[in-house]
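# Fold and contact review
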Amino acid sequence: MQELIHYTVQKIKELLEHFNEVQGLYLAKSFDFDARFDVFLNEALEYFRTKGNTSHESEVLKIMNMISTVKRGFNPIKMEKIINGRREILGGFSFNGMESMYDILMEIYAKENKKLDDAEELISGIIVSLYQNGILDDEKLKEMNTVPKIESFWNSLVEQNTAISGINKKLRLTIIPEDIFIILEKVFLKLI
């Protein structure tokens with residue numbers, strides 16, 4: 001089942017904000033870092049599990065297991081007991097884990113934002129075309145002040161125009177209707 005992309009982007013933003021706090025603790029060599037990084041990893045793990053994203057879930061578990069192995073006194077790469085410098089090794093693996101998490105979050109964020117940007121570009125083109133053809137004007141735009149009105153307007157366009165119907169089908173391959181309505185609202189607000 002597809003998820004509202006606007007929700008995904010918002011959730012990744014929240015995870016990035018939490019991640020930035022954790023990075024700040026790492027930089028400050030705070031004693032709270034380990035516990036907060038653990039909380040962050042569990043939060044990310046839960047999100048990926050809920051979403052059913054097993055590859056990212058697996059990556060988070062891998063990071064958690066590496067850190068757990070160091071805390072138990074073993075080097076996860078060499079599989080040797082750590083005699084000296086366990087705290088430094090833990091710091092190194094924690095940094096490596098943070099880098100991996102950053103890559104995962106930024107990959108998702110960029111991918112989802114690209115979907116929204118592409119959809120907005122298509123929808124903006126349609127709206128400009130409707131303006132040029134006199135189908136839409138400032139008065140009608142001002143009437144589009146609720147999601148149900150926007151939904152009704154869009155659905156009527158899809159039913160009446162085969163070109164718009166085709167674009168709607170293309171949009172539905174990557175985003176759900178609720179995303180379309182949110183993007184329409186955003187475009188309308190820019191034009192008012």
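To be clear, the structure that these remarks concern was listed above.
First things first, this report covers the structure right here in the doc. (Residues numbered from 1 in each chain as written. Predicted model: local features only at pLDDT ≥ 70, side-chain atom pairs only at ≥ 80, totals over all residues. Heavy atoms only, no water.)

### Some points on empty space enclosed by the protein
- Summed over the entire model, instances satisfying the criterion amount to 1 cavity of 30 Å³ or more.
- Counted as a void, the largest cavity has a volume near 30 Å³.
- Lining the largest cavity are Asp34, Phe37, Asp38, Ile67, Lys71 and Ser94.
- Of all elements in the fold, only helix 2 (33-51) and helix 3 (54-71) reach the threshold of two or more residues within the lining of the largest cavity.
- Per-element accounting of the lining of the largest cavity gives the leading share, 3 residues, to helix 2.
- Partitioning the lining of the largest cavity into residue classes produces 2 nonpolar, 1 polar and 3 charged. (1 Å grid on protein atoms, 1.4 Å probe; cavity = no way out; pocket = protein on both sides within 12 Å on 5 of 7 lines; lining within 4 Å. Points joined across faces, edges and corners; volume = space filled by probe spheres on them. Helix = DSSP H or I, 4+ residues; strand = E, 2+ residues; numbered from the N terminus. Nonpolar A, V, L, I, M, F, W, Y, C, P; charged D, E, K, R; others polar.)

### A word on helix 3
- Under the 1.5 Å per step criterion, the end-to-end length of helix 3 is 25 Å for 18 residues, consistent within 8% with the ideal 26 Å.
- By the burial criterion, the buried members of helix 3 are His56, Glu57, Val60, Ile63, Met64, Met66, Ile67, Thr69 and Val70.
- Looking at the packing, one finds that the buried side of helix 3 touches helix 2, strand 1 (74-75) and helix 4 (86-132).
- Immediately downstream of helix 3, the backbone of glycine 73 shows phi near 95°, a positive value. (Expected span 1.5 Å × (residues − 1). Buried < 20%, exposed > 50% of the residue type's maximum accessible area, 1.4 Å probe, protein only. Contact = heavy atoms within 4.5 Å.)

### Structural notes on the packing of aromatic side chains
- All told, the structure shown has 8 aromatic pairs when counted by the stated rule.
- Taking 5.9 Å as the distance between ring centres and 35° as the angle between the ring planes, the aromatic pair formed by tyrosine 26 and phenylalanine 95 counts as tilted. Of this pair, tyrosine 26 sits in helix 1 (residues 5-27) while phenylalanine 95 sits in helix 4, and the two are 69 residues apart along the sequence.
- Pairing phenylalanine 153 with phenylalanine 188 gives two aromatic rings, centres 6.0 Å apart and planes at 65°, and the pair type is edge-to-face. A residue pair is termed long-range when its members are at least 10 positions apart, and phenylalanine 153 in helix 6 (residues 147-160) and phenylalanine 188 in helix 8 (residues 177-191) qualify at 35 residues. Both residues of the pair, phenylalanine 153 and phenylalanine 188, count as buried.
- Members of the aromatic cluster, each reached through a chain of ring pairs, are Phe19, Tyr26, Phe33, Phe37, Phe40, Phe95 and Tyr102.
- Geometry around phenylalanine 74 places lysine 81 over its ring, the cationic atom sitting 5.5 Å from the centre. (Phe/Tyr/Trp six-rings, centres within 6.5 Å; stacked < 30°, edge-to-face > 60°. Lys NZ or Arg CZ within 6 Å of the ring centre and 35° of its normal.)

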